[in-house]
Amino acid sequence: MLELVARGHSNPEIAARLYIAEATVKTHLLRIFEKLDVSDRTAAVTTALARRIIRL
């Protein structure tokens, strides 16, 4: 999911690609933000790239 965010996909696009509800995407992203100790999508992607959690 975070890789899709990093590639610029919106929540509705991510939901469609993963066959889940948009609300589920939002919930997952909020939990990712908590685990990475960040407050937004940009910081989550930057942190994940720096920690090598995702690759582009």
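Data block above holds the structure.
Right, let's walk through the structure included here. Nothing here was measured: the structure is a model prediction, and the numbers come from that model.

Turning our attention to helix 4 (residues 41-50). Buried within helix 4 we find A44, V45, T47 and A48. Burial along helix 4 is one-sided: seen end-on, the buried residues are contained in an arc of 165°. Of the residues in helix 4, the exposed ones pointing more than 90 degrees away from the buried face are T42 and A50. Turning to helix 4, the residues buried within the fold contact helix 1 (2-6) and helix 3 (22-36).

Glancing now at the packing of helix 2 (residues 11-18) against helix 3. Here helix 2 crosses helix 3 at 105°, and the two axes come no closer than 8 Å. In terms of their interaxial angle, helix 2 and helix 3 are classed as roughly perpendicular. Where helix 2 abuts helix 3, its residues N11, P12, I14 and A15 lie against E22, V25, K26 and L29. In terms of residue class, the contact of helix 2 with helix 3 is built from five nonpolar, one polar and two charged.

The geometry of helix 3 relative to helix 4 is characterised by a closest axis approach of 10 Å and an angle of 55° between their N-to-C directions. With respect to helix 4, the axis of helix 3 lies oblique. As helix 3 packs across helix 4, the resulting crossing turns out to be left-handed. Contacts between helix 3 and helix 4 involve L29, F33 and L36 from the first element and R41, A44, T47 and A48 from the second. A breakdown of the residues in the contact of helix 3 with helix 4 according to their chemical character gives five nonpolar, one polar and one charged.

We now examine the pattern of salt bridges. Summed over all chains, the structure comprises one salt bridge. Between E22 and K26 there is a salt bridge, with its nearest N and O atoms 4.0 Å apart. Residue E22 and its partner K26 are both found in helix 3; the two are separated by four residues, about one turn of the helix.

Counted at 1.5 Å a residue, the expected span for helix 3 with its 15 residues is 21 Å, and the 21 Å between its end C-alpha atoms agrees. Within the span of helix 3, buried status applies to V25, L29, F33 and L36. The buried residues of helix 3 occupy an angular sector of 75° when projected down its axis, which confines them to one face. Exposed residues lying more than 90 degrees from the buried face of helix 3 are A23, L30, R31, E34 and K35. Tucked inside the fold, the buried residues of helix 3 contact helix 1, helix 2 and helix 4. Phi turns positive one or two residues past the end of helix 3, at D37, with a value near 60°.

The rules behind each value
Residues numbered from 1 in each chain as written. Predicted model: local features only at pLDDT ≥ 70, side-chain atom pairs only at ≥ 80, totals over all residues. Heavy atoms only, no water. Buried < 20%, exposed > 50% of the residue type's maximum accessible area, 1.4 Å probe, protein only. Helix = DSSP H or I, 4+ residues; strand = E, 2+ residues; numbered from the N terminus. Arc of directions from axis to C-beta. Contact = heavy atoms within 4.5 Å. Axes fitted to C-alpha atoms, helices over the stretch in contact; angles between N-to-C directions. Parallel < 35°, antiparallel > 145°, perpendicular 65-115°, else oblique. Nonpolar A, V, L, I, M, F, W, Y, C, P; charged D, E, K, R; others polar. Left-handed = near helix turned anticlockwise from the far one by under 90°. Salt bridge = Lys/Arg side-chain N within 4 Å of Asp/Glu carboxyl O. Expected span 1.5 Å × (residues − 1).

Don't take any of this as a statement about function, it's just geometry.
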